[in-house]
Amino acid sequence: MRSRRETDADNEAGMPRPPGGADGGTVEAADLARQTRPAHIEQAGEQSAMSLIERVVQRENLLAAYQRVQSNGGAPGVDGMTVDDLASFCRQHWPRIREALLSGTYVPQPVRHVEIPKPDGKGVRMLGIPTVLDRLIQQALLQVLAPIFDPGFSEASFGFRPGRSTHQAVLRARDYIAAGYRWVVDTGNPLAGREKFFDRVNHDILMSRVARKVKDKCVLKLIRRYLQAGIMDGGIMSPRTEGTPQGGPLSPLLSNVLLDELDKELEKRGHRFVRYADDCNVYVRSKKAGERVLASLGKFLAEKLRLKVNRAKSAVARPWERKFLGYSVTVHRQPKLKVSPQSVKRLKAKLRPILRAGRGRSLARVCKELNVVLRGWVAYFKLSEVKASFEALDEWLRRKLRCIVWRQWKRRRTCFAELCRAGLDRVRAATSAYNGRGPWWNAGASHMNHAVPTKTLRAYGLLSLIEEHRRLALR
């Protein structure tokens, strides 16, 4: 148990401790609410007396940041420290770290280089995983900076902003199409590929945009140091001269700060557009107008922000030929939202490892693991007004599970015995068991539909996508 003197010393140092009493009990509800309140909703009089960096290291702000980092979890950085180790580390070292932040001498550690496959399976995406301590400090910075920048962002910007979501962006895009803007300048993450946005951001340009609203030199210096934090890969540290490492809490805000200039330019020209992070779609009435917009957009990004549009992934096309945030639309005059084919393909790729591992497991366990992914997927696509994708996926999943059952039976005589046990007559069971076909063909045949009917799979716990979609649509 920690002494009263140790606790008082922690409070004087502004040290971020998780909420709770010294004996491990929980604090009172009112005190918890006070501790978790972000810095930007503190009383105005108290805030005006503080510098920005002092607001960053304010105890209430740090506690809110600590809780967010804890809830997000995530892998350790280059130092190997986990989220669970953060509290004990801060108890020992926070006074020194706080002093370094206030004096402008704090230097972030390099980020850990991680590559993850892209959703389409083409190439990899580079992430820079900061240490847990740097994630805490970045989150504390974010909570103070977001209220300064967010009110000035465009109404057409939906990415990584409080109170805004992908669903709102998709609905806005559908409304533009319904209003007659039936051509889209699809930038298709124009700053992806070789000219990656997060890898090509010019630090000086970004910092000049930040400095328009942030005057605290310690905060500006800290942000620049995060931008310039090296990358650790295989024990070798490489310096960073441009780009913002994906993986830290601060990166989305910085991308919005830079691309807000693009938003303002599109607004000034009177365009209908929707932007989510670096995915920006502009809706126009004709193909010719779209080609003009795409050309002028590339020129603006190159001259003003020193960014390059990836021409290979950009296009002027009909909205139903493209996808936006996983959704597409129908060709109707009043378009309906639907799941894009690419999103269906991506889901199948995500489910295949679970299905491949199912041969040596019970169906109940396989269904339980599938449902974790399926529930999140159908919740995201609950706006879809076309049910065909959900029905087709349900059919595909049932066939996959029947394929697992057929493989588990292994021998033909076992197949014969199981088909007989399921109620098939001996002649039909023998013909089906010894037909010489493979597991996938048999999984789609009538004898397996009879042996393992849908109600049996539902009894094992398999989620029906179409029924879950209907349930969510009625809410």
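First, a word on what this report is: a plain description of the structure on this page. Because the structure is a prediction, the values reported are computed rather than measured. (Residues numbered from 1 in each chain as written. Predicted model: local features only at pLDDT ≥ 70, side-chain atom pairs only at ≥ 80, totals over all residues. Heavy atoms only, no water.)

Let's shift gears to the nonpolar core. The nonpolar side chains of a soluble globular protein tend to be buried with one another. By size, the foremost hydrophobic cluster in this structure holds 67 residues, and its most contacted members are Tyr-106, Leu-136, Leu-145, Val-210 and Ile-223. Take this core: its biggest share by element is 11 residues, from helix α7 (residues 132-149). Among the nonpolar cores identified, the runner-up in size contains 56 residues, and Tyr-181, Tyr-283, Val-344 and Val-405 belong to it. (Core = buried A, V, L, I, M, F, W, Y, C linked by side-chain atoms within 4.5 Å. Buried < 20%, exposed > 50% of the residue type's maximum accessible area, 1.4 Å probe, protein only. Helix = DSSP H or I, 4+ residues; strand = E, 2+ residues; numbered from the N terminus.)

Turning to the sheet that holds strand β7 (residues 279-284), a few remarks are in order. With antiparallel pairing, 4 strands are arranged side by side in an open sheet as β6-β7-β3-β8. With partners counted over all chains shown, the strands left at the sheet margins are β6 (272-276) and β8 (315-317), one partner each. Recorded for the sheet is a direction-independent mean angle of 20° between the axes of neighbouring strands. Along the sheet, helix α12 (residues 251-268) contacts β6 and β7; its crossing angle with β6, the most-contacted strand, is approximately 175°. (Pairing = 2+ DSSP bridges. Axes fitted to C-alpha atoms, helices over the stretch in contact; angles between N-to-C directions. Contact = heavy atoms within 4.5 Å.)

The next thing to look at is helix α6 (residues 86-103). At His-93, α6 is bent by approximately 70°, the largest bend along its length, and proline Pro-95 sits one to four residues beyond. Turning to α6, its buried residues are Leu-86, Ala-87, Cys-90, Trp-94, Ile-97, Ala-100 and Leu-101. Gly-104 sits one or two residues past α6 and shows a positive phi near 80°. (Bend = angle between axes of the 7 residues up to and from the residue.)

Moving on: the side chain of Arg-164. For Arg-164, the location among the structural elements is in the loop between α7 and α8 (166-178). At 2.7 Å, the side chain of Arg-164 forms a polar contact with the side chain of Glu-155. A distance of 3.2 Å separates a polar side-chain atom of Arg-164 from the backbone oxygen of Ser-157. Excluding its chain neighbours within four sequence positions, the residues that come into contact with Arg-164 are Glu-155, Ser-157 and Phe-158. (Polar contact = N/O pair within 3.5 Å; in protein donor to acceptor, adjacent residues only side chain to side chain.)

Moving on, we come to the packing of aromatic side chains. A full pass over the atoms with the stated rule returns 8 aromatic pairs. Summarising the aromatic geometry, the rings of Tyr-327 and Tyr-380 are spaced 5.8 Å apart at their centres and angled 45° between planes, so their arrangement reads as tilted. On the criterion of sequence distance, the pair formed by Tyr-327 in strand β9 (residues 327-329) and Tyr-380 in helix α15 (residues 363-380) is long-range, its members being 53 residues apart. Between Trp-406 and Trp-409 the ring centres are 6.0 Å apart and the planes differ by 50°, which places this aromatic pair in the tilted class. Here Trp-406 and its partner Trp-409 are both found in helix α16 (residues 388-409), 3 residues apart, which amounts to about one turn of the helix. What makes Trp-409 buried here is its relative accessible area of 14%. (Phe/Tyr/Trp six-rings, centres within 6.5 Å; stacked < 30°, edge-to-face > 60°.)

Where α6 meets α7, the closest approach of the two axes is 11 Å, and the angle between their N-to-C directions is 55°. The angle between α6 and α7 places the two elements in the oblique class. Pair α6 / α7 crosses with right-handed handedness. Residues Leu-86, Phe-89, Cys-90, Trp-94, Ile-97 and Leu-101 of α6 lie in contact with α7, whose contacting residues are Val-132, Leu-133, Leu-136 and Ile-137. (Parallel < 35°, antiparallel > 145°, perpendicular 65-115°, else oblique. Left-handed = near helix turned anticlockwise from the far one by under 90°.)

Looking now at the environment of Trp-377. For Trp-377, the location among the structural elements is in helix α15. When its relative accessible area of 11% is taken as the criterion, Trp-377 is described as buried. Taking C-alpha positions, Trp-377 is 9.8 Å from Val-344, a pair spaced 33 residues apart along the chain. If sequence neighbours within four positions are ignored, Trp-377 has contacts with Val-339, Ser-343, Leu-347, Phe-390, Leu-393 and Leu-465.

This paragraph deals with unusual backbone geometry. Phi angles above zero are rare outside glycine, and Leu-325 is one such case at about 55°. With respect to the secondary-structure elements, Leu-325 resides in the loop between β8 and β9. Of note in the backbone geometry, Lys-410 takes a positive phi value of approximately 65° without being a glycine. Tracing the chain through its elements places Lys-410 in the loop between α16 and α17 (412-421).

Bringing the packing of α7 against α12 into the picture now. Between α7 and α12, the shortest axis-to-axis distance is 10 Å and the interhelical angle comes to 30°. Classified by the angle between their axes, α7 and α12 sit roughly parallel to one another. The hand of the α7/α12 crossing is left-handed. Each of Gln-138, Leu-142, Leu-145, Ala-146 and Phe-149 in α7 lies in contact with α12, whose residues at this interface are Ser-251, Leu-253 and Val-257. Among the residues making up the contact of α7 with α12, the classes are represented as 6 nonpolar, 2 polar and no charged. (Nonpolar A, V, L, I, M, F, W, Y, C, P; charged D, E, K, R; others polar.)

All right, on to the pairing of β7 then. Here β7 lies mainly inside the structure; 6 of its 6 residues are buried. Side chains Asp-279, Asn-281 and Tyr-283 project from β7 onto one buried face, and the interleaved Cys-280, Val-282 and Val-284 project onto a second face that is buried too. Note: strand β3 (residues 183-186) against β7, 4 bridges, orientation antiparallel. Bridge assignment links Val-184 to a residue of β7, and that residue is Tyr-283. In the sheet, β6 pairs with β7 via 5 bridges, with the strands oriented antiparallel. Each residue of the ladder has a partner; that of Tyr-276, found in β7, is Asp-279. Linkage of β6 to β7, two consecutive antiparallel strands, is achieved through a turn of 2 residues, within which Ala-277 is found at a positive phi near 55°.

Along the chain, Leu-101 turns up in helix α6. On the basis of relative accessible area, Leu-101 is assigned to the buried category, the value being 4%. Residues Leu-101 and Leu-222 lie 121 residues apart in sequence; the distance between their C-alpha atoms is 8.0 Å. In this view, Leu-101 contacts Ile-53, Val-57, Trp-94, Tyr-106, Ile-137, Cys-218 and Leu-222; residues no more than four positions away in its chain are not counted.

Turning our attention to the pattern of salt bridges. Tallying each qualifying case throughout the model produces 18 salt bridges. A salt bridge links Asp-204 to Arg-224, with the nearest nitrogen and oxygen atoms 3.2 Å apart. With Asp-204 in helix α10 (residues 203-211) and Arg-224 in helix α11 (residues 217-227), the pair connects residues that are 20 residues apart, well separated along the chain. You can call Asp-204 exposed: its relative accessible area is 51%. The class for Arg-224 is partly exposed, based on a relative accessible area of 26%. With its nearest N and O atoms 3.4 Å apart, the salt bridge here joins Lys-268 to Glu-265. (Salt bridge = Lys/Arg side-chain N within 4 Å of Asp/Glu carboxyl O.)

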